[in-house]
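# Per-entry structural report
Each chain, letter by letter, is given below.
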Amino acid sequence: MSTLTFDSLNPATGEVVGSHPKHDAQAVHEAVARAGAAAEWWAALPPEERRRRLLDYKAVITRRLRELAALVHEETGKPVGDATLEIVLAVTHLDWAARNAAKVLGRHRVATGMLGLNLAATLEYLPLGVVGVIGPWNYPVFTPMGSIAYALAAGNAVVFKPSELTPGVGVRLAELFAESVPEQPVLQTVTGLGETGAALAADPRVRKVAFTGSTATAKRVMAACAENLTPIVAECGGKDAFIVDADADLPAAADACLWGAMSNAGQTCAGVERVYVVDAVYEPFMRELSERAAKVKAGQDYGPITMPAQLDIIRRHIDDATKSGKVVTGGPDSVRAPFVDPVIVADVPEDSPAVREETFGPTITVRRTRDAQEALELANASAYGLAGTIFSRNARRATQLARAMRTGMTAVNSVISFAGVPALPFGGIGDSGFGRIHGADGLREFTRPKAVSRQRFALPGMNLTSFRRGPDELERLIRLVTFLHGRRKR
C-alpha cells in the first residue's frame, strides 16, 4: 500500500485543511475485496434491517450537521449556510431511499397474458454487489450521496472515491456510516488523485460505477469500465437555460435566475448559464436582474472558485463574451483569483464559447427572443441536456415548455427545485450523461432485475415447447392468436 499523501486546501485561503493517503491500485483492490464480503452480508440482511441502519446513519449525519458543514466550507470555500443546505438535502434523500427501497425493489407479481395463462410470473430487483462511486468537489455531500444512499438502500456495498479537492468530506461520510453499521465495511472511502479513481473503475469486481464530473473525464472513466463491461451512471456537465416568458413574474424570475447562476460561485452542474427572455419583458427583466446582481459580492454571498484551473476557462469565456456582446454587469476585471464577481453579458453570439461550453462560474449570457418558442429552440440547441427553468404565470403553457425542453429535468417558476424532491430522478441526456440517481429510478439503477416464471399447470392440448407438438396444437395456437390480435383497430 502506498504511503504517499496529498493535502486538501481551503481554496479561499490556501491553508491546509488535511492530509490524506494517495491510495494506489493495490489499496483500491483491497478495499474492493473487503467490500465484496461486506456486500454479501449487507444483501443478506432483511430489508427492514437495512432500513433501520440507514435511518440511523441519517440521524448520525444530522446530529453532526454543523461539524460536517464546517468541513465542507473549509474544503470548498462555500459559505457555511450553503454547505448546511447541501447536507440537509442529502439527508432527505437518504431518508427517502431507506424508506422506499423495499417497496420499489421488492418481489411482486406481474400479469402473464393469455398465452401465459398457466404461468405465474414475478419480478424483483436484486443488488449488484460492489458499487464504485466517484464524486465531485462542488457538492461533496449532496451529489455523491445521491448514488451512495440509493446504492446502499438497494443492498450494495460502496467504495467511494471523493474528489481530490474534498477528500476529508468523503472520509468523514464513511466514518459516520461506521458508527451506524460497525459490523462490516459496507461503505469505504479511498482517497487520491485520478489514478485512484481509475483503479476503482478498472476493478472487475466493481459491478457498477457512478461518476459525477466533466464530460471529458466521463469518457475516460467509461473507457476504463469498458474493459470489464462494467456499466456506468454518468452525471456530467450542463449548460442549462432559463426561459422568461411574456407573462412571467419578473421580480421572482430575476431573483431565481441570479441565485441559480451565482450561488456556489456558479459551480453547479444544474445551475443557470444561459438566459432567454421574451422581447415583451426583456427590458424590465434586465433592470430587475442587474439591480439585484449589483448587490451580490464574491467572498460574501458566495465563495471562491474551488478548482484553480477553472479560472482559466471562466476568464476565457468572459473575455470572449465581452468582446462580442454587451456588458451588463462585471467584466474581465471581475476575475480576482480565487474569487469571481458576478458577470452578465447580453447579445453574445450563440456560437461563442460562453454560450456553447460549460463555464462553471458566476457568469450568464442573456438573449432577447421573439417569443417563448424561439427561446425553447435556442435552449435546446445545445450538446448538453441536464436541466433548465421556465418562468411563466400560465401553468399550462409553462408545462408544455418544460416537457419540450431537451433536458432530464426542468423547474417551473423555481430554480433547481427538482433536486430537493427525492422521488424525482436526477440525470441528463447528450453530453450531460446518462442514467439516473434519486427516486425509484435511482434505486433501480443500482440493481439487476430478476424475472421468474413458474408453470402452475399444463395447458391441455397445447404443449408448444415440446418436440411432441403436433399440427393440431399449432392450429389451435394460430386461431387463438388470430382471435386476440388479428382484428384491426379503428
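Higher on the page you've got the structure.
Throughout what follows, the structure given in this document is the object of discussion. Values in this document were obtained by computation on a predicted structure and should not be read as measured data. (Residues numbered from 1 in each chain as written. Predicted model: local features only at pLDDT ≥ 70, side-chain atom pairs only at ≥ 80, totals over all residues. Heavy atoms only, no water.)

## Remarks on helix 5 (residues 142-153)
If you check helix 5, its first and last C-alpha atoms are 16 Å apart, about what 12 residues at 1.5 Å a residue would give, namely 16 Å. With respect to burial, helix 5 is a largely interior element, 12 of its 12 residues being buried. Restricting attention to buried positions, one finds in helix 5 the residues Phe142, Thr143, Pro144, Met145, Gly146, Ser147, Ile148, Ala149, Tyr150, Ala151, Leu152 and Ala153. Where helix 5 ends, the next residue or the one after it, Gly155, has phi of about 100°, a positive value. (Helix = DSSP H or I, 4+ residues; strand = E, 2+ residues; numbered from the N terminus. Expected span 1.5 Å × (residues − 1). Buried < 20%, exposed > 50% of the residue type's maximum accessible area, 1.4 Å probe, protein only.)

## Considering the packing of aromatic side chains
Two measures describe an aromatic ring pair: the distance that separates the ring centres and the angle between the ring planes. Applying the stated criterion across every chain, the model contains 7 aromatic pairs. Aromatic pair Tyr57 and Phe177: ring centres 4.9 Å apart, planes at 85°, arrangement edge-to-face. In this pair, Tyr57 is assigned in helix 2 (residues 47-63) and Phe177 in helix 6 (residues 167-180), connecting sequence segments 120 residues apart. Owing to a relative accessible area of 1%, Phe177 belongs among the buried residues under this scheme. Members of the aromatic cluster, each reached through a chain of ring pairs, are Trp41, Trp42, Tyr57 and Phe177. (Phe/Tyr/Trp six-rings, centres within 6.5 Å; stacked < 30°, edge-to-face > 60°.)

## Points about the sheet that holds strand 8 (residues 206-212)
Note: strands within a sheet are paired through backbone hydrogen bonds, in either parallel or antiparallel orientation. Spatially, 6 strands are ordered 7-6-5-8-9-21 in an open sheet, and the strand pairing comes out mixed. Since the sheet does not close on itself, it has two edges, and those belong to strand 7 (187-189) and strand 21 (433-434), each with one partner. Pairing geometry for strand 9 (residues 232-235) and strand 21, over 2 bridges, is antiparallel. In the strand pairing of strand 21, Ala234 is matched with Phe434. In the packing of helix 5 onto the sheet, the strands contacted are strand 5 (130-134), strand 6 (157-161), strand 7, strand 8 and strand 9, and the crossing angle to strand 6 comes to about 165°. (Pairing = 2+ DSSP bridges. Contact = heavy atoms within 4.5 Å. Axes fitted to C-alpha atoms, helices over the stretch in contact; angles between N-to-C directions.)

## So, the nonpolar core
In terms of nonpolar packing, the biggest core is built from 144 residues, with Phe285 and Leu289 touching the most fellow members. Counting residues per element, this core draws most heavily on helix 4 (residues 80-105), at 11 residues. Those residues in contact with Leu289 that lie beyond four places of it in its chain are Ala254, Cys257, Leu258, Ile344, Ile364 and Val366. (Core = buried A, V, L, I, M, F, W, Y, C linked by side-chain atoms within 4.5 Å.)

## Digging into unusual backbone geometry
Phi is mostly negative for residues that are not glycine, and the peptide bonds are mostly trans. Of note, the bond from Ala337 into Pro338 is cis; its omega dihedral lies within 30 degrees of zero at 5°. Although it is not a glycine, Asp347 sits at a positive phi angle of roughly 60°. With respect to the secondary-structure elements, Asp347 resides in the loop between strand 15 (343-346) and helix 12 (353-356). Unusually for a residue other than glycine, Asn413 sits at a positive phi of about 55°. As for its position among the elements, Asn413 is in the loop between strand 19 (411-412) and strand 20 (429-430). Classification of Asn413 as partly exposed rests on a relative accessible area of 39%.

## Regarding the packing of helix 1 (residues 25-44) against helix 7 (residues 194-202)
Contact geometry of helix 1 with helix 7 gives a least axis separation of 9 Å together with a crossing angle of 40°. Accordingly, the angle class assigned to the pair helix 1 and helix 7 is oblique. Read as a crossing pair, helix 1 and helix 7 show a hand that is right-handed. Within the contact between the two elements, helix 1 uses Ala25, Val28, His29 and Val32 and helix 7 uses Thr196, Ala199 and Leu200. Split into classes, the residues belonging to the contact of helix 1 with helix 7 amount to 5 nonpolar, 2 polar and no charged. (Parallel < 35°, antiparallel > 145°, perpendicular 65-115°, else oblique. Left-handed = near helix turned anticlockwise from the far one by under 90°. Nonpolar A, V, L, I, M, F, W, Y, C, P; charged D, E, K, R; others polar.)

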